[in-house]
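Below, each chain spelled out in residue letters.
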Amino acid sequence: MRALSLLVSRAPWAVLIVWVLVALLSVPLAARAPAALTADPAGGLEGSEATRALDILRDEFGEKDTNMALLVTRSTPPLSTPEGQARYEAFVDGLEDVPGVTRVISAGSGTVGTQSEDGRMALTVAQIPLEEGATEAVRELRRYARASSTDGLSVRVTGGQAIADDFTEFAEADTKRSEFAALPLIAVMLLVVFGALVATGLPLVVGVLSISVAMAGVYGLTRVMEVSTFAQSVITMLGLGAGIDYALLMVNRFREELRRLGGDSRAAAAQTVLTAGRSVTFSGLTVAIAMAGLIVPPVIFVRSLGIGGVLVVLLTVLASLTALPAMLALLGDRVNSPRVLKIGWSQNAGASAAWTAFARRVTARPWLGVLGSAALLLVLSVPALNMRIGYAGAWALTPGVESRDALADVRTLGAGGLLSQFEVILDLKGQRYTPDDREKFQAVVNDLKALPDVKAVLSPFVTPEDLRQAGDSTGTDALGAMTTLTRRSFSQDRTFLRVTVIPNDALRADAIPEYEARIRAALDRSGYAYLLGGSPIGGQEFSRAITGTLPTVVLTVFAGTFLLLMVAFRSLLIPLKSIVTNALTVGAAAGVVTEIVQNGFLAGPLGIPTDVGVLDSSLPVLLFAVMFGLSMDYEIFLLSRVQEEHLRGTPNDEAVVKAVGHTARIITSAAIIMFIVFSAFMFGRVVASKSIGLGLAVAVLLDATLVRLVMVPAFLKLAGKWNWWLPAWLDRRLPHVTLEH
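The structure displayed is predicted, hence computed values, not measured ones.

Rules and cut-offs
Residues numbered from 1 in each chain as written. Predicted model: local features only at pLDDT ≥ 70, side-chain atom pairs only at ≥ 80, totals over all residues. Heavy atoms only, no water. Salt bridge = Lys/Arg side-chain N within 4 Å of Asp/Glu carboxyl O. Helix = DSSP H or I, 4+ residues; strand = E, 2+ residues; numbered from the N terminus. 1 Å grid on protein atoms, 1.4 Å probe; cavity = no way out; pocket = protein on both sides within 12 Å on 5 of 7 lines; lining within 4 Å. Points joined across faces, edges and corners; volume = space filled by probe spheres on them. Nonpolar A, V, L, I, M, F, W, Y, C, P; charged D, E, K, R; others polar. Patch = residues over 30% accessible without salt bridge, like charges linked within 9 Å, V, L, I, M, F, W, Y side chains within 5 Å. Areas by Shrake-Rupley, 256 points an atom, 1.4 Å probe, with all protein chains shown as cover. Lys, Arg positive; Asp, Glu negative; His and termini not counted. Charge placed at Lys NZ, Arg CZ, Asp CG, Glu CD. Buried < 20%, exposed > 50% of the residue type's maximum accessible area, 1.4 Å probe, protein only. Phe/Tyr/Trp six-rings, centres within 6.5 Å; stacked < 30°, edge-to-face > 60°. Lys NZ or Arg CZ within 6 Å of the ring centre and 35° of its normal. Pairing = 2+ DSSP bridges. Axes fitted to C-alpha atoms, helices over the stretch in contact; angles between N-to-C directions. Contact = heavy atoms within 4.5 Å. Core = buried A, V, L, I, M, F, W, Y, C linked by side-chain atoms within 4.5 Å. Parallel < 35°, antiparallel > 145°, perpendicular 65-115°, else oblique. Left-handed = near helix turned anticlockwise from the far one by under 90°. Polar contact = N/O pair within 3.5 Å; in protein donor to acceptor, adjacent residues only side chain to side chain.

Caption draft 1: A look at the pattern of salt bridges. Evaluation of the coordinates by the stated rule reveals 31 salt bridges. Where R641 meets E645, a salt bridge forms, and the shortest distance between an N and an O atom there is 3.8 Å. Remark: E645 and R641 occur in helix α22 (residues 619–647); sequence separation between them is four residues, near one turn of the helix. One connected set of salt bridges, linked through shared partners, spans E49, E516, R520 and R544.

Caption draft 2: Just the layout of surface pockets, in detail. Approximately 440 Å³ is the volume attributed to the second largest pocket. For the lining of the second largest pocket, the elements supplying multiple residues, two or more each, are α2 (12–36), α6 (160–194), α7 (197–222) and α8 (230–260). Counting residues per element, the lining of the second largest pocket draws most heavily on α6, which supplies five residues. Residue classes in the lining of the second largest pocket are distributed as ten nonpolar, four polar and two charged.

Caption draft 3: Representation of a negative patch on the surface. Together, E89, D93, E96 and D97 line one region of the surface with negative charge. Residue position: D93 is located in helix α4 (residues 82–95). Residue classification places D93 among the partly exposed residues on the basis of a relative accessible area of 49%.

Caption draft 4: The packing of aromatic side chains, seen in detail. All told, the structure shown has twelve aromatic pairs when counted by the stated rule. Here the aromatic rings of F422 and Y515 are separated by 5.4 Å at their centres, their planes lie at 10 degrees, and the arrangement is stacked. Separated by 93 residues along the polypeptide, F422 in strand β6 (residues 422–427) and Y515 in helix α19 (residues 512–526) bring together distant segments of the chain. Each member of the pair, F422 together with Y515, is buried. For the ring pair F441 and F490, a centre distance of 6.2 Å and an interplane angle of 80 degrees mean the geometry is edge-to-face. Of this pair, F441 sits in helix α16 (residues 438–449) while F490 sits in the loop between α18 (478–489) and β8 (496–503); the two residues are 49 residues apart in sequence, bridging distant segments of the chain. An identical accessibility class is assigned to F441 and F490; each is buried. Following the ring pairs from residue to residue traces out a cluster consisting of Y433, F441, F461 and F490. Directly above the ring of Y528 sits K440, whose terminal nitrogen or CZ lies 4.4 Å from the centroid.

Caption draft 5: Looking closely at the sheet that holds β8. Reading across from one edge, β7-β8-β6-β9 is the order of the four strands in this open sheet, with antiparallel pairing throughout. The open sheet has two edge strands, β7 (454–458) and β9 (529–533), and neither has a second partner. With direction set aside, neighbouring strand axes in the sheet form an average angle of 20 degrees. Against the sheet, helix α3 (residues 49–59) contacts β6, β8 and β9, and its axis sits at roughly 100 degrees relative to β9. Seen against the sheet, α16 touches β6, β7 and β8 and runs at an angle of roughly 15 degrees to β8.

Caption draft 6: Just the nonpolar core, in detail. Residues I186, L238, M291, L324, L630, Y634 and F678 are the most contacted members of the largest nonpolar core, which totals 185 residues. Dropping the residues within four chain positions of it, F678 is found in contact with M237, L630, G693, L696, A697 and V700. In this structure, L448, L507, I519 and Y528 belong to the second largest nonpolar core, which totals 28 residues.

Caption draft 7: Quick peek at the sheet that holds strand β1 (residues 67–75). Taken in spatial order, the four strands of this open sheet run β2-β3-β1-β4, and their pairing is antiparallel. In the strand order of this sheet, the two ends are held by β2 (103–105) and β4 (153–158), each with one partner. Strand-to-strand twist in this sheet, taken as the mean axis angle between neighbours without regard to direction, amounts to 25 degrees. Where α4 meets the sheet, its contacts fall on β1, β2, β3 (121–128) and β4, and the angle it forms with β1 comes to roughly 155 degrees.

Caption draft 8: Molecular detail of unusual backbone geometry. Residue P77 follows T76 across a cis peptide bond; omega there is 0 degrees. As for its placement among the helices and strands, P77 is situated in the loop between β1 and α4. We note that R494 has phi near 60 degrees; this positive angle belongs to a residue other than glycine. Counting through the fold element by element, R494 comes out in the loop between α18 and β8.

Caption draft 9: Highlighting the packing of α7 against helix α12 (residues 323–331). At a minimum axis separation of 10 Å, α7 and α12 run at an interaxial angle of 155 degrees. When the axes of α7 and α12 are compared, the pair comes out roughly antiparallel. For the pair α7 and α12, the crossing hand works out as right-handed. Counting all contacts with α7, which are made through V198, L202, V205, V206 and L209, the residues of α12 involved are A323, L324, M327, L328 and L331. Among the residues forming the contact of α7 with α12, the class breakdown is ten nonpolar, no polar and no charged.

Caption draft 10: Structural detail: the side chain of S75. Following the sequence through the fold, S75 ends up in strand β1. Given a relative accessible area of 2%, S75 falls into the buried group. In terms of polar contacts, S75 uses its side chain to reach the backbone carbonyl oxygen of P77, at 2.7 Å. Those residues in contact with S75 that lie beyond four places of it in its chain are G84, R120, G152 and L153.

Caption draft 11: Main features of the packing of α22 against helix α23 (residues 652–679). Remark: α22 packs on α23, axes separated minimally by 9 Å, with the N-to-C direction vectors making an angle of 165 degrees. Classified by the angle their axes make, α22 and α23 are roughly antiparallel. α23 is crossed by α22, and the crossing has right-handed handedness. Its residues assigned to classes, the contact of α22 with α23 shows 15 nonpolar, three polar and three charged.

Interpretation note: all reported values are geometric properties and have no functional meaning in isolation.
Below you can see the structure in the form of structure tokens.
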């Protein structure tokens, strides 16, 4: 730390030149990052049952283009008229020439499920690649759909790939829009805090700088692994939130040091690094530890969030300890100009007196503060006990997005189950299928057809009625369809059998487990070894992979945070208290999100669809990691001041009161800014991003008010001398550090 203080005080221009060069090199790479991100719900989930089933379909059945794009057409006049039919047939003919489309299944047969009764709405299926080239094929289909839409024919595209592509596109757009919406509000808030334009601009510079370099790093990461589209949101939230938090602390301390040192800006910058810089370093490390917890789940999709989070936090800390002090050293007293407001909130002595008086009232009734706060947080946490998680699919998008709206039409046509197909692979263990096996195979198919809510089962034993019930999804010619079904049902060496189960309707994530259980029960009775795949299974496996490792993530973060705080504060009780209070905050935020997003309470006024029914699988672990880490900022800001007073010999109760009086203004200022950053994400079109923004906004509101300014001071008062208890043998073995702000 001393080396950094010397660097920024003696060579500030050199420090800034390095950062400018890094930023200039990062911008082109950062601009490419969004397009390289993925919304694949099971991205990087290796060795799963759904992945193995997919591998068998590709390697043993030769299936490559099993992905389906669904095109909903509205025709005026209807298809029952010669004009309407001619226009539709011309559309289908052109569809077959779209790059990436290998087969087109039209609604021309008029079978149930592909065309509405009045002939105005119809469903056309286009087969496209399953993996590589799928996004490009959907892009070409949408381009063709727009070109084909005339006064008499409108075309909308949906399907699993279209939904995933919309998810990625709107997540990127929402992140950008959130940044642009939040920055002006943040600037106004910073202006109120500092009262001067230059000081207002510095935290924004730090945030934008760290975000740009981090996004460039994420682009590099996409060259070697899949990176979630949520990485953008995490980097923006942490880069702006933590960057502004740290800059707020550093600029405040610099202004104090500048006055104390008689205007010597370089000495003031050096002293700022040595004091507030230590708190920033430990705060950043706690956030980094929390985000590193996301690297634990064996899902590349989630690990990318952890890596991106750690990267942006470390860059934010580095920028706060180098670029920011270098700018302060060069600016000197000009950091306070031009003075726009006569008062600066963070410098207002009246606010300090008010917060000191507030702290005295809280510590006068400590049991009320601790028990009342804990009770409220626990009540808010209750809905989280019934949290349902999963991949929400089209329900993860708000109404008005094409793929979601078109899915509603597909369901109206009775073909929603096409988006929730289960692929059953029966493994004959190397034995070739013979006519003697027909009866056993057919019995399995019949058992599956008899299950509730099954629209059709595609197998070699399908009947013309089955084809009509399936929406003729395998072709319009009956003989050709039977040939296709036979070919798709047997592997090339006839050692694997394939059956496709199509539900009555598209399955929401919360309905999949029960449906899956019924299919597995039927297959277990069959005596066959089997694999169950398809998009519903892939989504469920992704959810289980994350939730299954959540306890490990939590314990890892708890252990790392406990050790760090124990070293910082020379205490066993303070780290334990910090973990418990932060966990209560995260639980309360999770409960509020569950009640709103899953259960629909107040969802409408907040712009969240009321039919989502589940929370995105990554939300619990992501909310825990981000909020647990960021709330430690406020914890360290407050406790470092309490420790400072304690080391000066101030009695415990008075140390707590003084600490609140000195830090409450910074904590509330930072919290309002963080609240603005997180709330901005609630106005997008991706429900998962809205949920994360909502959860973090609620958490920071609770943490900076109820927890940090009521519960923690009350607890510190009750604990008294035990706050700083540490066994002598342990004290001798721990490294010694000093935190100041």
